[in-house]
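Survey of secondary and tertiary structure
The chain contents come next:
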Amino acid sequence: MIKIKTREEIELMRESALVVSRTLGMLAKEVKPGVSTLYLDKLAEEFIREQGAIPGFLGLYDFPNTLCMSPNSQVVHGIPNKKPLIEGDIISIDCGALKNGFYGDHAYTFAIGEIDLEVQKLLDVTKESLYVGIREFKAGNRVGDVGFAIQDFTEKHGYGVVRELVGHGLGREMHEDPEMPNYGKRGRGKKFVEGMVVAIEPMTNLGTHKIRQHSDGWTITTFDNKPSAHFEHDVAIVNGKPELLSTFKYVNESLGIVTDIEDEFRQ
Ligand code: MG
Ligand code: MG
């Protein structure tokens with residue numbers, strides 16, 4: 001059942017999303033060669049708690065950490081460890097926070113130093129596909145419209161769209177209805193209405209869309225071990241239009257990226 005949010009609840013959810021946005025912005029300055037994902041995880045946990053929030057993933061379905069840290073061929077759900085990141089790696093950082101009873105949940109894939117041009121393009125296209133999807137999240141459209149838009153855009157670049165993992169409704173639960181696949185057909189699936197809040201999160205592989213699960217029960221990697229990227233935003237429908245609750249503004253400030261792409265999704 002889809003749980004519709006009031007304007008007041010959406011503003012509380014914006015605060016939860018911004019806890020995550022600020023955390024990703026803080027991490028953007030710390031993500032560099034020689035740093036371990038476990039160290040970054042501890043920084044994030046402290047930073048989330050300083051903002052009066054609780055790490056959203058810690059203990060959720062028994063996940064052991066604050067961040068899902070998925071380097072290179074890991075798609076999502078990687079567990080932080082002591083291995084240092086090295087120049088040329090990419091790292092998907094997925095972060096959740098719980099504040100005022102509502103979850104924020106969003107993700108960014110960072111480059112560690114200089115990376116291959118083809119991998120940088122994968123990151124750029126995946127990030128852009130997120131906004132292509134968000135644009136379709138409006139009253140009257142359906143789940144399939146978002147999925148189709150992301151899939152069509154992504155596959156035109158020759159990349160694989162992961163099927164087994166999807167975006168989701170968001171609220172007092174981390175995962176609410178509806179499921180939000182990054183593939184689909186126009187005009188299919190549940191209809192979007194005012195007050196819906198979802199996490200849209202394309203997971204895009206440089207090679208095959210196929211994945212495999214590791215024996216730790218968490219880590220998902222690409223089947224061909226080629227790199228995978230992941231970007232995620234929290235979005236509400238306000239006045240019939242997509243309203244971004246999370247933001248990459250803090251990440252962009254940390255990385256010196258200048259863009260106005262999010263302006264389209266602010267009222
Ligand atoms: Mg997430
Ligand atoms: Mg999510």
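Residues numbered from 1 in each chain as written. Chains lettered and ligands numbered in written order. Predicted model: local features only at pLDDT ≥ 70, side-chain atom pairs only at ≥ 80, totals over all residues. Heavy atoms only, no water.

Pairing is antiparallel across the open sheet formed by three strands, whose spatial order is β3-β12-β11. Whereas interior strands pair on both sides, the edge strands pair on one side only; in this sheet they are β3 (74–76) and β11 (211–213). On average, each strand axis in the sheet is tilted by 40 degrees relative to the strand beside it, whichever way the strands run. Note: β3 against strand β12 (residues 220–222), two bridges, orientation antiparallel. Within the sheet, the bridge partner assigned to Q74 lies in β12 and is T221. (Pairing = 2+ DSSP bridges. Helix = DSSP H or I, 4+ residues; strand = E, 2+ residues; numbered from the N terminus. Axes fitted to C-alpha atoms, helices over the stretch in contact; angles between N-to-C directions.)

Turning our eyes to something else, we now look at the pairing of strand β15 (residues 241–244). Residues in a regular strand project their side chains so that they alternate between the two faces of the sheet. In this structure, strand β14 (residues 233–238) lies alongside β15, joined through four bridges in antiparallel fashion. Paired with I237 across the strands is P242, a residue of β15. Where β14 folds back onto β15 in an antiparallel hairpin, the turn is made up of two residues, including N239, whose phi is positive at roughly 55 degrees.

The next point concerns the UniProt feature "binding site: substrate" (unreviewed entry) in the protein chain. According to UniProt, the feature "binding site: substrate" (unreviewed entry) maps to H77 and H175 in the numbering used here. For the largest pocket, the lining residues among the annotations just cited are H77 and H175. Structurally, H77 is set in the loop between β3 and β4 (90–99). By relative accessible area, which is 27% here, H77 ends up partly exposed. (UniProt positions renumbered as here; feature names shortened; annotations may be inferred. 1 Å grid on protein atoms, 1.4 Å probe; cavity = no way out; pocket = protein on both sides within 12 Å on 5 of 7 lines; lining within 4 Å. Buried < 20%, exposed > 50% of the residue type's maximum accessible area, 1.4 Å probe, protein only.)

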